Amino acid sequence: LGPLPGDRREAAWQRFKVACDVVYERLKPYFAELDAQRQVNLERKRALLTEAEAIANASPIGLAGSPADLVAKRTGSERMKILQQEWKVTGAVPREHDQDLWTRFRAAGDTFFGKHRADIDARHQEFTAHLQQKEALCLAVENLAKDCEALAAGEEARVRSEDERLREVKDHQARWKLIGHVPRDQVEAVWSRFRTACDRVYATLKPYLAQLE
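Quick summary incoming for the structure in this document. Everything quoted here is computed from the prediction, not taken from an experiment. (Residues numbered from 1 in each chain as written. Predicted model: local features only at pLDDT ≥ 70, side-chain atom pairs only at ≥ 80, totals over all residues. Heavy atoms only, no water.)

## Focus on the side chain of Lys 73
Argument step 1. With respect to the helices, strands and loops of the structure, Lys 73 is situated in helix α2 (residues 67–89).
Argument step 2. Overall, Lys 73 belongs to the buried group, its relative accessible area being 19%.
Argument step 3. Setting aside anything within four residues of it in sequence, one finds Lys 73 in contact with Phe 112, His 116 and Asp 119. (Helix = DSSP H or I, 4+ residues; strand = E, 2+ residues; numbered from the N terminus. Buried < 20%, exposed > 50% of the residue type's maximum accessible area, 1.4 Å probe, protein only. Contact = heavy atoms within 4.5 Å.)

## What to know about the pattern of salt bridges
Argument step 1. Per the stated rule, a full pass over the model turns up twelve salt bridges.
Argument step 2. Here Glu 142 and Arg 193 are joined by a salt bridge, their closest N and O atoms 2.8 Å apart. Highlighted residues: Glu 142 in helix α4 (residues 117–152) and Arg 193 in helix α6 (residues 187–204), separated in sequence by 51 residues.
Argument step 3. When the shortest N-O distance is used, the salt bridge between Asp 163 and Arg 167 registers 2.2 Å. Here Asp 163 pairs with Arg 167, and both are found in helix α5 (residues 162–178), just four residues apart, close to one helical turn.
Argument step 4. Among the residues examined, Asp 163 registers a relative accessible area of 30% and is labelled partly exposed. (Salt bridge = Lys/Arg side-chain N within 4 Å of Asp/Glu carboxyl O.)

## Re the environment of Phe 112
Argument step 1. With respect to the element layout, Phe 112 can be found in helix α3 (residues 95–115).
Argument step 2. For Phe 112, a relative accessible area of 3% translates into the label buried.
Argument step 3. Between the C-alpha atoms of Phe 112 and Lys 73, which are 39 residues apart in sequence, the distance is 9.4 Å.

## Comments concerning the nonpolar core
Argument step 1. In terms of nonpolar packing, the biggest core is built from 19 residues, with Val 141, Val 169, Trp 176, Val 190, Phe 194 and Val 201 touching the most fellow members.
Argument step 2. Taken together, the elements giving at least two residues each to this core come down to α4, α5 and α6.
Argument step 3. Sorting elements by how many residues they give to this core places α4 first, with seven residues.
Argument step 4. The contacts of Trp 176, once residues within four sequence positions are left out, are Lys 134, Leu 137, Cys 138, Val 190, Trp 191 and Phe 194.
Argument step 5. Formed by 15 residues, the second largest nonpolar core is a distinct cluster that contains Leu 42, Ala 56, Leu 83 and Trp 87. (Core = buried A, V, L, I, M, F, W, Y, C linked by side-chain atoms within 4.5 Å.)

## Examining the layout of surface pockets
Argument step 1. A volume near 530 Å³ is recorded for the largest pocket.
Argument step 2. Looking at the lining of the largest pocket, the elements with two or more residues in it are α2, α4 and α6.
Argument step 3. The element that contributes the greatest number of residues to the lining of the largest pocket is α4, accounting for seven residues.
Argument step 4. Its residues placed into classes, the lining of the largest pocket shows nine nonpolar, five polar and seven charged.
Argument step 5. What the second largest pocket holds in volume is close to 260 Å³.
Argument step 6. For the lining of the second largest pocket, the element with the highest residue contribution is α2, accounting for six residues.
Argument step 7. In terms of residue class, the lining of the second largest pocket is made up of seven nonpolar, four polar and four charged. (1 Å grid on protein atoms, 1.4 Å probe; cavity = no way out; pocket = protein on both sides within 12 Å on 5 of 7 lines; lining within 4 Å. Points joined across faces, edges and corners; volume = space filled by probe spheres on them. Nonpolar A, V, L, I, M, F, W, Y, C, P; charged D, E, K, R; others polar.)

## So, the packing of α2 against α3
Argument step 1. Where α2 contacts α3, the axes come no closer than 11 Å and their chain directions differ by 155°. Judged by the inter-axis angle, α2 sits roughly antiparallel to α3. Considering how the two elements wind past one another, α2 and α3 form a crossing that is left-handed. Facing Lys 73, Gly 76, Ser 77, Met 80, Lys 81, Leu 83, Gln 84 and Trp 87 of α2, the residues of α3 in contact are Leu 101, Trp 102, Phe 105, Ala 108, Gly 109, Phe 112 and Phe 113.
Argument step 2. Among the residues making up the contact of α2 with α3, the classes are represented as nine nonpolar, four polar and two charged. (Axes fitted to C-alpha atoms, helices over the stretch in contact; angles between N-to-C directions. Parallel < 35°, antiparallel > 145°, perpendicular 65-115°, else oblique. Left-handed = near helix turned anticlockwise from the far one by under 90°.)

Okay, structure coming up:
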C-alpha cells in the first residue's frame, strides 16, 4: 500500500506490527513442531544418502557377469529405487542442508545407474518378455473359460471332456510357475487376470470335481 500521512505513519505501523507479533506468538508451538520434524527428516535423509552412496560405490562381487555379480546388481538396483521413493516421501529438511543433500543423493543414483545401465536394460527386456508370456497364458485360459461357460449353458456341443479341460487349465497353471519375474508395476494386474480366468474355468467344473471327490 502507498504511504500514509506523516503524523499517522508510525502509529499505524506499530498497531499492525503488534497484531502480527500476537499471531506469531500463538504460532510458536506450530513452528517448533515444524523445526522438530525437519530435524527428523534431516536424519532420515542422511541415512538414505549414506546407504545410496554405499550402493553406488560398492565393489563388484565375483567376476563380471557371474551369477553372484548379477544378483548383486539386481539387488542394488531394487534397493536404490526404494531409496529414491523413500526420499520423495520424506518431508522437508532445514533449508541450509536441503540443496547439498539432494545434490549428493542424486549423484549417487546417477553413478549407480550409469555403471549398470546395460544390465538394467537387459533385465527390463527379460521381464517384458516374461510379461508377454504370462499375458498369452491369460488369454489362453480366458478362451478356455469362455468355452467351458458356453458348454455349461448348453450353447455348444461337447468337444473336450471335463478331464481334458481340467488337465488343460492345470497345464497352464504349471507353465505359469515356470515363467520368471515381470515388471513390478504389472505383477498384481497380470496375476489377478490369470487367477480370475482360472477361477472361471473351475467354477464350470464344480460338478465334475465333486463327482471325483
